[in-house]
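Structural description and commentary
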Amino acid sequence: MIVVLGVVAAPPPVATATPADELWSATSESFAPGDFHAAPYLGNGRIGTVLPPSGGGYHDYGDAVRTSFPLQQSRYTGTYLAGFYAQAEPSPQYTQVIAALPAWSGLTVEIGGHRYDADVDPATVHEYRQTLDYRTATVTTRADWTPEPRYRLRLRYDTFVSRDRPDLAVQKLTVTPDNPGEVAVVDRIDGAAARRVVPVTATADPSTGRTVAGVRAHGTVDTAFVVSSVDSPPQAVGTALPGADGIRYVLPATGNDSYTFTAYTGISSTDYGPDPLAAATAAAESGRAQGFEAAHSAHAAQWDRLWEPTLEIPGRTDYTRWIRAALYSVLAGVRAGERWSVQPAGLSSDDYGGMTFWDAETWIFPTLLALYPDLARTVVDFRAAALPAARANARGYGLPGALYPWNDGPAQRCASPIGCGLTEEHLHNEIALAQWQYYLATGDRDWLRTRGTPVITAIADYLTARIGPKLPDGAYHFAPAAGSDEYVAFSIDNALTNGGVRNTMDIAARAAGLSGLPVDPRWADIGAHMAMPPDIAPGVPAEYLGYTGAPIKQADTVLLSYPFTYAAPGYSPAATMRYYFDRTDPDGPNMSNSVGAILSARYDPCRTQYYLDRSVQPYAREPYEFQAEARGDRSGANAQGQSAWIFVTGAAGFLQGLLYGPLGLRWTDSGAAVDPMLPGGFPDGLTIRELAIGATRMTVHIGPATTTLTLTSGGPITLQTPGGPAELVAGQPLSVPTRAAC
C-alpha cells in the first residue's frame, strides 16, 4: 500500500530502497468496493473510464458519496467520450454537460448460482491485488474468488484503453477454476452506467461474439456506439442475454486449467464521423484481429513516448509517486489533434459536468506547454474553434468581440448573463494570456496570425465595450466583476480582473501588429488607465474596491504576479503573496499552493518547499495517489456538492509548481527565461527531462550550487538568465548558478 505522508516542509524523509519498477505503479491489496478512491482510472485523451475494484463493470456508490457542482449526484464508475455531451436541463449558467456511456468493461464470472462482478460480496474475495501501471496505463486485477468452499476460482483481469488507437478499449479475463465444472463468463454492455442518454439500439450475436449498444445524448441528435467483440475459448458456447445487451458463455472447465476471454471494444460517436456504428465496429474487429499482446504492445509504446518528458527528484520516493500519478492523470485526459480542451476532472468523472473552465488555461495548460506543446495546443485551439460561438454570445448581449462562458461544454454558448458577463470574467484575460504564451513558447507566427490573434483581439474588443467609457476620475472601471475568489460573487474593480485587462490590451496590440491587423487605439488607453483598487497594506492592492481583509477561497490577487506579470509603482509581489496566502482558506480548492510555490521561489524561497508539500500531500489519496480537489469533503465553505475526484486541475497545478517554481521558467518576448533555485527538501537536486521550448528539448538538472541545461534535440536556443542571454547548443551544456533556498 502507498502511504501519504503528513505535511512537512523539511527535512526530507530518509530515502528508501524502493525498487524502481514499484515506483511506476500503485497497488491496492485491500478489496474496498465502497471506496471510490480505490477505483483506478484509464484514459487515452478520447475515452476515459473508471474501473471498480473488482476489475470491471459498473458500481454506484450511493447517495452518501456525491459528485461536485453542478450535478451533485451519486458517484459511480463511468465511461466518457470526449465531445459527447447532452443538452443540459434548463440552467442560467451552462447549456451542456458530458454524457456517460454504458459500461464496457463488464466481463463477469458465474458459478453455482453466484456471480463475480462489481458488487461481489467482499467476504468471498481473497488474495486480492489490483495494480495500476502508470508506465503502460494498464490495470491488472487478481483475486481468488470462493463463493462457496467447493468453488474456488483464480481470476485475473488485464484492462487498458488504447493510446495507439483512440477508439479502442480492451479487457482480458483469465479464469482458473480449482475444480472441474461448469463456469459461465458474461460479456455485457451495462446500460445502468449510462447518464443523460436514451438507448437507440442493443444487439447481441453469439455467432460472431459481438454486442452492440447505441445511445443518443439527451436533447441532441448526437449518437454514440459501444461495440464489443469477444475472443472466447473454442469450447465455450454463447447465448444472447434476454435484453440483447450481452452474451453469456458457458464453459465446461477442467480443474486447474486457465481459460481466457478477451473483449475488444470500439467506442465512437457522431463527433468523429457520420457513421459511429461502423467506426466502433471497425475498431473492435481490428483490435480482435490484432490480438491482445500486439494491441497492448502498440498501446504501451505510445505511453513510452509520453513518459520521455518527466521530473525526477532523487531520494524522494514520495515525490516520485506523486509526480507519476499526477502526470498520468493529466495525460489520460488529453490527446494531440483532438478538438476538445481538458476538463477539471479530465475524462475520469462528470464532476463539474465535464465542462471547460479557466482550469484549462491557468492550471493545466502551463504544465502541458513546458512538457508537451502538441498537447497544450488542444487547449488554445479549442478556444479558437469556439470563436464563432463566442462572437455570437457577445452579439446576443449587443456587444462586439467574443464572450466566452464561464463554464460550458464544447458548444461554448452563453446560457444567460449570469453564466457569462457577470461571473468570473477574469476568464477572458486568462484565455488571451494562454494564446499569447503558446506563441511565445513556440514562436509559431502562422498559428498566431490564423488562430491566436483572432481570439486575443476579439476578447479585447469585447472587454473594451464591456468596460465602457472613461469616467470623470480619468480611469476605466469594471463593474460588476469578480475574480477567482468564489467567496465573493460580484464586486467592483476586482484587482485580478482589472490587472488582467491591462495585460490583455497590451498583448492584443502586439499580437495584432505581428499579424498585420489593425490596432485599436482604445486598447492602449484602457491598458494605461484601468483602475486598480487602493492598497489594503503597503504594496498590496485590495482584492476589490471595499475589500477589508476577509478570508478568500483560493488564489486570486496573487495571480497578478504569476501567471500575469503585473507591475505598478509601489506594487510588491512579495507583500501581496504574504498578505493573501495568510487569508486563503486551507479547505478551499487545492490549486492555490502551487502558485505559492512558484511565487515563493522568486520572492520568498525559504517557503518554496512548504508550498510544494502543501500542493500535494493533503490531496493525494491511497491507493493510486490521484488528487482530490480539497483536503476534506468540500472545497470551501460555499461549495456545492462534494469535492471533485479525480481533480486533474490540482494534479497539473502541482506539476506546474515543480516546473515553474524551482526553475523560474517564464515565457517572455525575448525568449524563455530561467532563474533556478533548489527547494530545501530536495538536497540531491531536481531534474526535468525533455523540457520543451518550441521545437527544442533539453534536460535540466538543478543542483545545490549549479543548474545544468543540456540540449537533447532541436536547434540551438537563447535563454534569458540572471546573468544575461545565454545560448544553449548541442554538445555544450549551459551552467547557471542555482539560488539557495534560504
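Residues numbered from 1 in each chain as written. Predicted model: local features only at pLDDT ≥ 70, side-chain atom pairs only at ≥ 80, totals over all residues. Heavy atoms only, no water.

Naming follows an unreviewed UniProt entry, where the chain appears as Alpha,alpha-trehalose phosphorylase of Nocardia cerradoensis.

**A word on the environment of alanine 280**
By secondary structure assignment, the location of alanine 280 is in helix H1 (residues 276-290). Measuring from C-alpha to C-alpha, the distance between alanine 280 and tryptophan 667 comes to 42 Å, with 387 residues separating the pair along the chain. (Helix = DSSP H or I, 4+ residues; strand = E, 2+ residues; numbered from the N terminus.)

**Quick notes on helix H3 (residues 317-331)**
Between its first and last C-alpha atoms H3 spans 21 Å; for 15 residues at 1.5 Å apiece the expected length is 21 Å, and the two agree. With 14 of its 15 residues buried, H3 lies for the most part within the structure. (Expected span 1.5 Å × (residues − 1). Buried < 20%, exposed > 50% of the residue type's maximum accessible area, 1.4 Å probe, protein only.)

**Examining the pattern of salt bridges**
On inspection of all chains with the given rule, the structure shows 34 salt bridges. The salt bridge partner of aspartate 506 is arginine 510, with a shortest N-O separation of 2.8 Å. Here aspartate 506 and its partner arginine 510 are both found in helix H9 (residues 495-514), four residues apart, which amounts to about one turn of the helix. Accessibility expressed as a relative area gives 27% for arginine 510, which makes it partly exposed. Where aspartate 587 meets arginine 631, a salt bridge forms, and the shortest distance between an N and an O atom there is 2.7 Å. You can see aspartate 587 sitting in the loop between helix H11 (573-581) and helix H12 (592-603) and its partner arginine 631 sitting in the loop between strand S23 (626-627) and helix H14 (648-660), a full 44 residues away along the chain. By relative accessible area, aspartate 587 is classed as partly exposed at 33%. (Salt bridge = Lys/Arg side-chain N within 4 Å of Asp/Glu carboxyl O.)

**Regarding the UniProt feature "domain: Glycoside hydrolase family 65 central catalytic" (unreviewed entry) in the chain**
The sites that UniProt annotates as "domain: Glycoside hydrolase family 65 central catalytic" (unreviewed entry) are residues 325-512. Taken end to end, residues 325-512 is 53% helix and 0% strand, and its first and last C-alpha atoms sit 40 Å apart. (UniProt positions renumbered as here; feature names shortened; annotations may be inferred.)

**A short note on the domain arrangement of the chain**
For the chain, the assigned domains are domain 1 (25-307) and domain 2 (310-663). Summarising the inter-unit geometry, the C-alpha centres of domain 1 and domain 2 are found 36 Å apart. Contacts between the two partners involve 58 residues from domain 1, matched on the other side by 53 residues from domain 2. Between domain 1 and domain 2 lies a buried interface of about 4600 Å² when both sides are counted; carbon and sulfur atoms form 54% of it. On the surface where domain 1 and domain 2 come into contact, there are three salt bridges. Aspartate 351 is paired through a salt bridge with arginine 75; the nearest N and O atoms lie 2.8 Å apart. Connecting domain 1 to domain 2 are 40 residue pairs in polar contact (both at pLDDT 80 or more). Top element by residues in the side of domain 1 that touches domain 2 is strand S4 (residues 79-87). It accounts for five residues. Of the residues assigned to the side of domain 1 that touches domain 2, the class counts are 30 nonpolar, 21 polar and seven charged. (Domains from an automatic or database assignment. Contact = heavy atoms within 4.5 Å. Buried area = accessible area lost by both parts, 1.4 Å probe. Polar contact = N/O pair within 3.5 Å; in protein donor to acceptor, adjacent residues only side chain to side chain. Nonpolar A, V, L, I, M, F, W, Y, C, P; charged D, E, K, R; others polar.)

**Some details on the sheet that holds strand S12 (residues 181-190)**
Strand pairing in a sheet relies on backbone hydrogen bonds. The paired strands run either parallel or antiparallel. One open sheet accounts for five strands, arranged S7-S6-S12-S17-S16; its pairing is antiparallel. Taken across any chain shown, the strands that pair with only one partner, and hence form the sheet edges, are strand S7 (114-116) and strand S16 (237-240). Looking at each pair of strands side by side, their axes are set apart by 25° on average, direction ignored. (Pairing = 2+ DSSP bridges. Axes fitted to C-alpha atoms, helices over the stretch in contact; angles between N-to-C directions.)

**Section: the UniProt feature "domain: Glycoside hydrolase family 65 N-terminal" (unreviewed entry) in the chain**
Residues given the UniProt feature "domain: Glycoside hydrolase family 65 N-terminal" (unreviewed entry) here are residues 40-211. As annotated, residues 40-211 comprises 0% helix and 56% strand, and the C-alpha atoms at either end are separated by 25 Å.

**Quick word on the pairing of strand S14 (residues 210-217)**
If a strand is regular, its side chains alternate between the two faces of the sheet. Burial analysis of S14 places six of its eight residues in the buried class, the great majority of the element. For S14 and strand S15 (residues 223-231), the ladder comprises seven bridges, and the chain directions are antiparallel. Along S15, the bridge assignment pairs arginine 210 with serine 229.

**Description of the environment of glycine 527**
Positionally, glycine 527 belongs in helix H10 (residues 521-529). A C-alpha to C-alpha distance of 49 Å links glycine 527 and alanine 39, two positions 488 residues apart in sequence. Every residue in contact with glycine 527, bar those within four places of it in the chain, is listed here: Arg502 and Met505.

**As for the state of the cysteines**
Tallying each qualifying case throughout the model produces two disulfides. Paired by a disulfide, cysteine 414 and cysteine 420 hold their sulfur atoms 1.9 Å apart. Handedness of the cysteine 414-cysteine 420 disulfide follows from its S-S torsion of about -115°: it is left-handed. On the basis of relative accessibility, which here comes to 15%, the residue cysteine 414 falls in the buried class. Judged by relative accessible area, which is 1%, cysteine 420 ranks as buried. Here cysteine 606 is linked by a disulfide to cysteine 742, with a sulfur-sulfur distance of 2.4 Å. Taken together, the residues cysteine 606 in the loop between H12 and helix H13 (608-614) and cysteine 742 in the segment after strand S31 (734-737) connect sequence positions 136 residues apart. (Disulfide = S-S within 2.5 Å.)

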